[in-house]
Amino acid sequence: MFLYERFCLWLGHLKLSRVILLVSIILFMVPLVTHYYLSKYESSTSLGSNHMRHTLEALGDLSTMKVADLKIRIEEMLRIKASVSTELRELEEKRGRLQREAAAASAKADSVKAEYSRATAELQRLRVSADQARLAQLEAIRRDSPELAPPIQILSSQPPNILPPIHRSAEIYCRMHSCFDHSRCSITSGFPIYFYDPDTYSPLAGVDIDGFLKTTLRQTLNYNAHLTTNPNEACVYIVLVGEAFPSDKTFSSTPGTFKLTLNETAIKNLPYWGGDGRNHVLLNLARRELDGGAGDALRNASIGRAMVAQSTFSLQQFRAGFDVVTPAALGPPGGDVWADCAPIVPARRKYILSFQGSQTPPSEVDGRSDMLIVDAIKRAAQAAPAADVFYLQFECDPPVEKRAEPAVGDWALCGTDRSRRAILRDSTFVLILAPADPDVASTALLQARLYEALRSGAIPVVLGGDRVQLPYAEVLDWRRATLTLPKARVTELHFLLRALPDADLLAFRRQGRVLWERYLSSVQASVDTLLATIRTRLNVPPRPAALTVGAPAFNDSYSPPRVEPPAVDAEPEETLGPLEAPYPSPAYRRNYSLAMLHGYEMWNDWGEPFALHPQLPWDVPVTSEARFVGSAAGFRPIGAGAGGSGREFSEALGGDRPREQFTIVILTYEREAVLAAALARLRGLPYLNKVIVVWNGVSAPSSVWAESGAPVAVVRSARNSLNNRFLPYHLIETEAVLCVDDDAHLRHDEIVFAFRVWREHRDRIVGFPGRYHAWDLNFNNGFLYNSNYSCELSMVLTGAAFVHRYYLWAYWHSLPAAIRDYVDHYMNCEDIAMNFLVAHITRKPPVKVTSRWTFRCPGCPVTLSADETHFHERHKCIQFFSQVMGYTPLLSTQFRADSVLFKTRIPHDKQKCFKFI
C-alpha cells in the first residue's frame, strides 16, 4: 500500500513529455529482443539435428564394418600410441642429458676460471721471484764477493817433533803465542784431542790415581765429539795427574801431613811429549784432598810448555790466558742435577749472610790472618737491624783435622756436606774469604765453597775477590753471579747487601744456578768446559751437532702418487711472496769474521762457552743456553737486520737475509684424512722450503698424499711421544721452523705474516694461540694454566708457532731430561716445556700474532685436548717444570703483533706508508 501510494505520488509529479518518451522506448525495444532470442533458438535446433544425423550415419557405417577390420584399426591406433610414448621418453632423456652436459660444462668453466686465477697469481709470484733474482744478481756483481766454502780440513799426520826443553825459569812466562803449537790446530781441524790412559801412564810418584776419576774421565771424553784415538792428528793431549791419594805415603816436614810430588821423568817420557810438553794439558782434579796436598804436586815441578788445569794456584804460578782454573770435582759424573738445587724464589731467605769455616791459627802462618776482617764482620752483624740475621761460625766444632799442607791462611770447611747445605739453603748471601796469603790466587777449598754456594742458591760474596781467580773466568762473566769486594772495604759489606733489590737478587741467583748446572755441577760439565775454553782461545769452530736422522716412511727410490687436493678457501688476491725452489739457510758465508768483529755472539751446538760481546741486542748470561742461535755448520751472526718498511718490507721480508724460507713440521698420529687435508692447504704457500711429517702411529702410513707444492718427507718415529715434535731432524735445513698440528687451519696470509714477524723476533716463539699462567689464589699451590681470553699472555702454543731451529737442539740437550720424561708420562705439555725453555734462555715473552682461525676440526677423531683431565694435567706440568728449573721463567705481556693491512684494503702504491703496530 505504501509503495503504491509512493508510485502514484511520483506519477503525479511526472511530466507528460517524459511519459510519452518512456513508452516509445519500451515499444521499440521489446520487438527487437524477441526477434534475437527466436533466431538463436532456430540455429541451435538446426545444429543439433545435423549432429544427430552424422552420429546415426557413423553408427550405420560401424554396423556395416567387419569385426576383423575393426580389430586391425584398434591395433594400429595402439601402435601409434606406443610409438608416440617412446618418442616422448627419448626426448625426455635427451633433455636430461643435455641438462647434465650443460651443468658439467658450467662446472668445468668455473674450474677453468679458478685455475686461471691460480695461474695468474702464480705468474705474479714468479714475476716477483724473477725480479728478486735479478736484484740479487746485480747486488752480487756490485759486491764482487763470491760465496766461499769452508777450507779443506787440515789434520796433522805425524806426532809432535822433539824439541829441546825450555829452562824452568822460562816456564812462568809461557803464553799461547810462545808455548803452543798452533800449526796442529787448523781452523777446520775440528779440535781433535787425545787422552793418555791413566792406567798406562802414571804421572805421580808413589801414588795411585783415584779410580772414580779415571773411569769418569774416560766416559766423559768418550761423549765428547772432539776425542780422537789417533795421537798423530791430535791438537791437544790430556794428561790426568790427579786427584791422587798416596799408596806409599811421602811425608812432608810437618808431622801428620803428606805431600805429593810429580814424577817429572814419567811426564817427560810420555810418547807425544815432544821434548817440551807443548799442546799438553796437565789435568789435576780435586775431589777428596781439598786442603792443598794435591795442589802442591805441580808447584815446584818442571812441566815445560804444558798447560795446567787445576783448582790450586798461586799468583806466581798461574799464567793468565794459558793455565785454566777448574772447579773441584765434587759432583756426579754427569746427568740431571736439578734435584740437588734449591729453589730460586723467594728472593730473601732467613739469613742475610752466612759463613762456616776455620782458619789456620795465626801462630802457624807467621801472623798473617784475617782476624781483623772477622772482627769487622762480627761488628756489622751486631749493628744490623733485627730483620737482618747473620749466621757466622769462624771456628769449627769439632776442629778440622789437618791432613795436608793447605794454603797459608786458607779457610777449612766445617761440618758435613748435609749440614752446610742446610745453612746455605737458608742464606741469601754466603761469604767466601780469600786466603790470608796475598800470593794465593785460588785454592781447592775456595772453589769448593763456590761450588756449594751456587748449588744451594746462596749468592757468593768473595771478600778479597780482586786477586782471586774463579773457574773459567776468561769465558764466564762471574760479575753476573757473584759479588766481589776487596778486604779493605769490608765495612761496606752490609750496606752493599742491603742495597740490592729483590729483582737483582733473583737475577744473581738465576745466573749462578745456570753457571753451576752447565759448567761446574758434574765432571762431564767441567771437562767439556775446559776443552771448550782452550778451543775458544784457538778460534777453532766446534764440530757440528749430531742431528737426529729420522727413519723414512718410504724408500728413497719410491715416489708416492699424487692426488688432486680438495678445494680450499680462496686466498687473498694480493701477492704474498715469491714461489721459489727450496734452498737451505746460509751455513758458512762471511759469518766467521763477522762473529768477532761486529759484536755477533759466538755459539756452538755442543753447549760450550764463549765470550759475550757487550753489543749484543739482548742482555743474557753467558751460558750454553744464552748462545741463542745454533746450526750444524758453525758460527752464525745474530740480529734482526736492517729491515725495511711498507712495500719493500712486504716483498723482500727485510733483514740480513732477503732470501729465506721456513720448514713446516707436522706431528700426527694415524689421521691420514686430516693430514691429507692439512697438506692440501699448503699448496701455493710462499717461502715454504719443506714439509716434515712426524708419523707417531704404529702402523705404516699410506702412500697417497695430497699435493702440497713443496717436498714432503714422512718420518716414522721409534715411539709415540709428543717430544718427537721437537726432534732436530737432519732434514730441517732452515733456521725458521713452523710447528703445526695436523688439524690446525691457517690461511696463507696468516702464515706469511707470522713468518715476517718472526724475522724481527728470531729469538722468541711467534705464533697464534696465546695462553697464560696465573697464581693459584685458593690453595697457594703455585701457578696454574689458563686458556681463557685475556689481555695478557705468557705462552704461545706450538700447535701453530714459529721457533728457531736452535731451540729444537736445546730442547734435547739443555732442557733437563726429567721434563721430557714427564711429557712422555702424561702425553701432554710439550708446548709448555718449549715455552719454559725459550723464556729461560731469552728472559723474554713470546709474540702472538693476529689470526682468523680456530683449532676446531669438524670430523676429526677425538684429540688429546678433549679429555677432561687435559687441563688438570697442564696445571701439574707448570708446577713440576717450575720445580725442576727452580722458578717459573714465563713472562707475561700484553703485546700482540698485528698488521694494519690485515683487514683494510690499501692501494699498492700507498702500502709503503704503513708498518706493523
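All residue numbers here refer to positions counted from 1 along the written sequence of the relevant chain. Only residues with pLDDT of 70 or above have their local features reported here, since the model is predicted, and side-chain atom pairs are shown and tallied only from 80 upward, although totals for entire chains, interfaces and linings are computed over all residues. The side-chain figures draw on all heavy atoms in the structure; neither hydrogens nor water molecules are used.

(A) A look at the overall build of the protein. Helix numbering and strand numbering both begin at the N terminus, where a helix is a DSSP run of H or I of at least 4 residues and a strand a DSSP run of E of at least 2. The helix and strand tally for the protein stands at 20 helices and 30 strands. Each residue is assigned to one of three classes by its accessible area relative to the maximum for its type, calculated with a 1.4 Å probe on protein chains only: buried under 20%, partly exposed between the two thresholds, exposed over 50%. Looking at the protein as a whole, 49% of its 917 residues qualify as buried.

(B) Highlighting the packing of aromatic side chains. Stacked, edge-to-face and tilted labels apply to pairs of Phe, Tyr and Trp rings (six-membered ring for Trp) whose centres lie within 6.5 Å, assigned for plane angles under 30 degrees, over 60, and everything in between, in that order. On inspection of all chains with the given rule, the structure shows 29 aromatic pairs. A centroid spacing of 5.7 Å and a plane angle of 75° characterise the contact between tyrosine 194 and tyrosine 272, whose relative ring orientation is edge-to-face. You can see tyrosine 194 sitting in strand 1 (residues 193–195) and its partner tyrosine 272 sitting in the loop between helix 6 (264–268) and strand 5 (280–284), a full 78 residues away along the chain. What makes tyrosine 194 buried here is its relative accessible area of 15%. Here phenylalanine 394 and tryptophan 411 contribute two aromatic rings whose centre-to-centre distance is 6.1 Å and whose plane-to-plane angle is 65°, an arrangement assigned as edge-to-face. You can see phenylalanine 394 sitting in the loop between strand 11 (390–393) and strand 12 (411–412) and its partner tryptophan 411 sitting in strand 12, a full 17 residues away along the chain. Since its relative accessible area comes to 1%, tryptophan 411 is described here as buried. Site record: aromatic cluster; members linked through ring pairs are Trp338, Tyr822, Tyr826, Phe836, Phe880 and Phe881.

(C) Quick look at the environment of glutamate 672. Its location among the elements puts glutamate 672 in helix 15 (residues 672–680). Given a relative accessible area of 32%, glutamate 672 falls into the partly exposed group. Separated by 30 residues in sequence, glutamate 672 and serine 702 place their C-alpha atoms 7.5 Å apart. The contact criterion used throughout is that any non-hydrogen atoms of two residues lie within 4.5 Å. Residues in contact with glutamate 672, not counting those within four places in the same chain, are Trp695, Ala700, Pro701 and Ser702.

(D) Representation of the nonpolar core in the model. Judged by nonpolar contacts, the single largest core of 52 residues is most densely connected at Phe180, Phe191, Val236, Leu283, Trp478, Leu520 and Leu538. The greatest single-element share of this core, amounting to five residues, is contributed by helix 12 (residues 523–537). With sequence-adjacent residues up to four places away left out, leucine 520 is seen in contact with Pro327, Tyr451, Leu454, Pro471, Tyr472, Trp478, Leu515 and Ala525. Buried Ala, Val, Leu, Ile, Met, Phe, Trp, Tyr and Cys residues that are joined via side-chain atoms within 4.5 Å together make up what is termed a nonpolar core. Grouped together as the second largest cluster of nonpolar side chains are 49 residues, Val796, Leu815, Ile832 and Leu890 included.

(E) Inspection of helix 17 (residues 805–813) at higher detail. Where burial is concerned, most of helix 17 is hidden: seven out of the nine residues are buried. Within the span of helix 17, buried status applies to Arg805, Tyr806, Tyr807, Leu808, Trp809, Ala810 and Tyr811. Those residues of helix 17 that are buried lie in contact with strand 23 (736–741), strand 28 (800–804), helix 18 (817–826) and helix 19 (830–842).

(F) Broad picture of the state of the cysteines. Any pair of cysteine sulfurs within 2.5 Å is marked as a disulfide. Scanning the entire structure with this criterion turns up four disulfides. What pairs with cysteine 185 in a disulfide is cysteine 235, and their sulfur atoms sit 1.6 Å apart. The sign of the 95° torsion about the S-S bond sets the cysteine 185-cysteine 235 disulfide as right-handed. With cysteine 185 in the loop between helix 4 (176–179) and strand 1 and cysteine 235 in the loop between helix 5 (211–223) and strand 3 (236–242), the pair connects residues that are 50 residues apart, well separated along the chain. Two residues share a disulfide in this structure: cysteine 396 and cysteine 414, whose sulfurs sit 1.6 Å from each other. Measuring handedness by torsion sign, the sulfur bridge of cysteine 396 and cysteine 414 sits at about -75° and is left-handed. Taken together, the residues cysteine 396 in the loop between strand 11 and strand 12 and cysteine 414 in the loop between strand 12 and helix 8 (417–425) connect sequence positions 18 residues apart. There is no split in this pair, since cysteine 396 and cysteine 414 are both buried.

(G) Representation of a nonpolar patch on the surface. The grouping of Leu21, Ile25, Phe28, Met29 and Leu32 at the surface amounts to a nonpolar patch, some 520 Å² of accessible area in total. Inspection of the secondary structure assignment puts leucine 21 in helix 2 (residues 16–64). Each patch groups residues whose relative accessible area exceeds 30% and which form no salt bridge, using 9 Å between like charges and 5 Å between nonpolar side chains of Val, Leu, Ile, Met, Phe, Trp and Tyr. Note on areas: Shrake-Rupley with a 1.4 Å probe; residue coverage comes only from the protein chains shown. A side-chain nitrogen of Lys or Arg and a carboxyl oxygen of Asp or Glu constitute a salt bridge if their distance falls within 4 Å.

(H) Layout of the packing of helix 9 (residues 444–456) against helix 11 (residues 502–520). Here an angle of 0 to 180 degrees is reported between the N-to-C directions of two axes, which are lines fitted to C-alpha atoms, with helices fitted over the stretch in contact. Remark: helix 9 packs on helix 11, axes separated minimally by 8 Å, with the N-to-C direction vectors making an angle of 120°. The angle between helix 9 and helix 11 falls in the class oblique. By crossing handedness, the relation of helix 9 to helix 11 is classed as left-handed. Residue-level contacts link Tyr451, Leu454 and Arg455 of helix 9 to Gly512, Trp516 and Leu520 of helix 11. Classification convention: Asp, Glu, Lys, Arg as charged; Ala, Val, Leu, Ile, Met, Phe, Trp, Tyr, Cys, Pro as nonpolar; all other residues, Gly among them, as polar. Per-class residue counts for the contact of helix 9 with helix 11 are four nonpolar, one polar and one charged. Angular relationships are summarised with four words: roughly parallel below 35 degrees, roughly antiparallel beyond 145, roughly perpendicular across 65 to 115, and oblique for the angles in between. When the near helix sits turned anticlockwise from the far one by under a right angle, the crossing is termed left-handed; a clockwise turn instead gives a right-handed crossing.

(I) Seen up close, the environment of asparagine 279. Take asparagine 279: it is sitting in the loop between helix 6 and strand 5. Residue asparagine 279 is classed as buried on the basis of its relative accessible area, which comes to 1%. Between the alpha carbons of asparagine 279 and valine 236 there is a distance of 5.0 Å; along the sequence they are 43 residues apart. Dropping the residues within four chain positions of it, asparagine 279 is found in contact with Cys179, Phe180, Asp181, Arg184, Cys185, Cys235, Val236 and Tyr237. Throughout this description, a polar contact denotes any pair of N or O atoms lying within 3.5 Å of each other; where both atoms belong to protein, one of them has to be capable of donating a hydrogen while the other can accept it, and for residues adjacent in sequence the pair is counted only when both atoms sit in side chains. One polar contact links the side chain of asparagine 279 to the main-chain amide nitrogen of aspartate 181, over a distance of 2.8 Å. A distance of 2.8 Å separates the side chain of asparagine 279 from the backbone oxygen of cysteine 235, its partner in a polar contact.

(J) Structural view of the side chain of serine 521. Looking at the secondary structure, you find serine 521 in the loop between helix 11 and helix 12. Look at serine 521 and you get buried, because its relative accessible area is 2%. Leave out the neighbours within four places in its chain, and serine 521 touches Gly331, Pro332, Val337, Tyr451 and Trp516.

(K) How the structure looks around helix 12. By this rule, a helix spans an expected 1.5 Å times one less than how many residues it contains. Counted at 1.5 Å a residue, the expected span for helix 12 with its 15 residues is 21 Å, and the 22 Å between its end C-alpha atoms agrees. Across the 15 residues of helix 12, 13 count as buried, placing the element largely inside the fold. Where helix 12 terminates, the next one or two residues include asparagine 539, which has phi positive at roughly 55°.

(L) Spotlight on unusual backbone geometry. With an omega dihedral of 0°, the bond running from valine 345 to proline 346 counts as a cis peptide bond. Along the chain, proline 346 falls in the loop between strand 8 (324–325) and strand 9 (351–356). Of note in the backbone geometry, asparagine 539 takes a positive phi value of approximately 55° without being a glycine. Within the secondary structure layout, asparagine 539 lies in the loop between helix 12 and strand 17 (551–552). Owing to a relative accessible area of 33%, asparagine 539 belongs among the partly exposed residues under this scheme. Not every positive phi belongs to a glycine, and arginine 843 is a case in point at roughly 55°. Among the secondary structure elements, arginine 843 is positioned in the loop between helix 19 and strand 29 (847–849).

(M) Expanded view of the pairing of strand 3. With seven of seven residues buried, strand 3 is to be regarded as a mostly interior element. Criterion used throughout: strands pair if DSSP finds at least two bridges between them. Of the pairings in the sheet, the one linking strand 1 to strand 3 comprises three bridges and is parallel in character. Bridging across to strand 3, isoleucine 193 finds its partner in valine 236. As defined by bridge partners, strand 3 adjoins strand 5 across five bridges and the pair is classed as parallel. Counterpart to valine 239 in the pairing with strand 5 is leucine 282.

(N) Quick peek at the sheet that holds strand 25 (residues 770–775). Strands sit in the order 26-25-27 across an open sheet of three strands; the sheet is antiparallel. Both outer strands of the open sheet, strand 26 (783–786) and strand 27 (795–796), are each paired with one neighbouring strand and no more. Bridge count between strand 25 and strand 26: four bridges; the pairing is antiparallel. Considered in strand 26, the bridge of tryptophan 775 is made with phenylalanine 783.

(O) Molecular detail of the sheet that holds strand 3. A sheet is described by the order of its strands in space; here five strands give the open sequence 1-3-5-6-8, paired in parallel fashion. Bordering the open sheet on either side are strand 1 and strand 8, each of which pairs with just one other strand. Seen against the sheet, helix 12 touches strand 1, strand 3, strand 5, strand 6 (307–310) and strand 8 and runs at an angle of roughly 145° to strand 6.

(P) Quick peek at the packing of helix 17 against helix 19. Contact pair helix 17 / helix 19: the axes reach a minimum separation of 10 Å and the direction vectors enclose 105°. Between helix 17 and helix 19, the angle falls in the class roughly perpendicular. Along its contact with helix 17, which presents Tyr806, Tyr807, Leu808, Ala810 and Tyr811, the element helix 19 presents Glu830, Ala833, Met834, Leu837, Val838, Ile841 and Thr842. Residue classes in the contact of helix 17 with helix 19 are distributed as 10 nonpolar, one polar and one charged.

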